[in-house]
Amino acid sequence: MRFEFEHLGTTTPFELSEGLHLLGGGPEDHIRLEGLPPKLLALRIEARRLMVEAARTFSVNGVLAPPGVPRLVLPGEVLGLPEEMCLRVLQQAEGERGVGTVAVLKGLLTSAEGLAPSRAATLTCLTGLDVGRTHALAEQCTEIGRGSEVTLRLRDRAVSRTHARILHDEDGFTLEDLASPNGVFINGQRVLGRAPLVDGDVIELGRSLLRFQAPLAEPPPPPPPAPPPEPVAPDSGATDSPSQDAAQEPGTPLHTDTVPTEAPSPGTEAAAKRAAFKVRGEWWLIGLGAVAALAGLLVTYALAGTG
């Protein structure tokens, strides 16, 4: 896990592996920073999750955290230290995000091998018995409390059975206190009635801290496909005179591939009929001559036989 330590405008990056690391100004501290009390912070990294416990009061993103209480610190949060020092937990790779409860249930029902990150708003438990638990705010109303009838149940005796609820509408997310004896706080400020929620807000109920994470923005829709190019009509090479274009009726094509034939005149039809009749007469004479020749041969053959 990667960190940045900042003091007097100077930034020092470093990286820690899994395990327990002590940060402070003492000789026994694994990460020694001059000017800090000995063993100020205990950083425990397990499965890419950071738990921080301090010997004195410190802050996370400006919200005070009590000493001696382990607190989950998420990537991107900043720990405020004495002497105007700060420790920044660097963000994870782009696109990584915890999978919400709704996505987990969907994966179990569909036997999905890989779960996509939840795009819904979430609440992450930072302290208490439910530390590290993430709940997706997929409904319009999410009740929080210790009772069995609420949507998000916390195992914290300092939390009322129905302590608060989160409402979701087109304007965003709103936190409402349900007249709980211990009250509800956002970033250390008590909520009177209702208060809007923004990304990174820390909600305090009893001894539990919950971090609100706004929903991920939906990706823009893909651009529509480009229309196919219009077909280009082939150039026939024929040209029409302006008078022909003007004489054509609306809706008729300007160019045609066939050339109209002219109707034959009456004289031409008569000549064609006479020529056809002449041809038929010639074939009739030829046929008659062939019959006469055959008859002559037959008569000659008969006379020769009698003689």
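The model shown is predicted, which means the values in this text are computed figures rather than measured ones.

Asks: Please give an account of the overall build of the protein chain that cites residues and values.
Replies: When its secondary structure is counted, the protein chain shows three helices and 22 strands. Sorting the 307 residues of the protein chain into buried and exposed places 30% on the buried side. Considering only contacts within the protein chain whose residues lie at least 6 apart along the sequence, 36% involve residues at least 24 apart. Approximately 20400 Å² of the protein chain is accessible, and the part contributed by carbon and sulfur atoms is 58%.

Asks: Run through unusual backbone geometry, naming residues and quoting values.
Replies: Its identity is not glycine, yet Lys39 carries a phi of approximately 50°, on the positive side. The residue Glu84 is not glycine, and still its phi comes out positive at about 55°. Summarising the element assignment, Glu84 is placed in the loop between strand E10 (78-81) and strand E11 (85-89). According to the relative accessible area criterion, Glu84 is exposed, its value standing at 74%.

Asks: Break down the pattern of salt bridges for me, citing the residues and quoting the values.
Replies: What the rule picks out here adds up to twelve salt bridges. Here Lys39 ties to Glu28 by a salt bridge, and the two come within 3.1 Å at their closest N and O atoms. Of the two residues, Lys39 is situated in the loop between strand E4 (31-32) and strand E5 (41-46) and Glu28 in the loop between strand E3 (19-24) and E4; the sequence distance between them amounts to eleven residues. Judged by relative accessible area, which is 43%, Lys39 ranks as partly exposed. Judged by relative accessible area, which is 57%, Glu28 ranks as exposed. Put simply, Glu77 and Arg71 hold a salt bridge, and the shortest N to O gap is 3.1 Å. Through salt bridges with shared partners, a single network forms among Glu4, Glu6 and Arg88.

Asks: Give a description of the environment of Leu205 that names residues and reports values.
Replies: Locating Leu205 in the fold gives a position in strand E21 (residues 202-205). In this structure Leu205 comes out as buried when scored by relative accessible area, which is 0%. Once the C-alpha coordinates of Leu205 and Gly183 are considered, the two residues, 22 residues apart in sequence, prove to be 7.0 Å apart. Not counting the four nearest positions on each side in its chain, Leu205 is found in contact with Ile144, Asp156, Val159, His163, Ala164 and Leu210.

Asks: Any chance you could break down the pairing of strand E12 (residues 121-125) for me, citing the residues and the numbers?
Replies: By the criterion of burial, E12 is predominantly enclosed, with five of the five residues buried. By the alternation rule, side chains of E12 split into Ala121, Leu123 and Cys125 and Thr122 and Thr124, which are all buried. Note that E12 and strand E13 (residues 134-137) share four bridges and pair antiparallel. Residue Thr124 lies in a different strand from E13, and its bridge partner there is Thr134. By the bridge criterion, four bridges tie E12 to strand E22 (residues 208-213) in an arrangement that is antiparallel. Bridging from a neighbouring strand, Leu123 pairs with Phe212 of E22.

Asks: Any chance you could break down the environment of Asp169 for me, citing the residues and the numbers?
Replies: Within the secondary structure, Asp169 sits in strand E16 (residues 164-169). Sequence separation between Asp169 and Cys141 is 28 residues; the distance between their C-alpha atoms is 9.2 Å. From its side chain, Asp169 meets the backbone nitrogen of Asp171 in a polar contact 2.9 Å long.

What counts as what
Residues numbered from 1 in each chain as written. Predicted model: local features only at pLDDT ≥ 70, side-chain atom pairs only at ≥ 80, totals over all residues. Heavy atoms only, no water. Helix = DSSP H or I, 4+ residues; strand = E, 2+ residues; numbered from the N terminus. Buried < 20%, exposed > 50% of the residue type's maximum accessible area, 1.4 Å probe, protein only. Contact = heavy atoms within 4.5 Å. Areas by Shrake-Rupley, 256 points an atom, 1.4 Å probe, with all protein chains shown as cover. Salt bridge = Lys/Arg side-chain N within 4 Å of Asp/Glu carboxyl O. Pairing = 2+ DSSP bridges. Polar contact = N/O pair within 3.5 Å; in protein donor to acceptor, adjacent residues only side chain to side chain.

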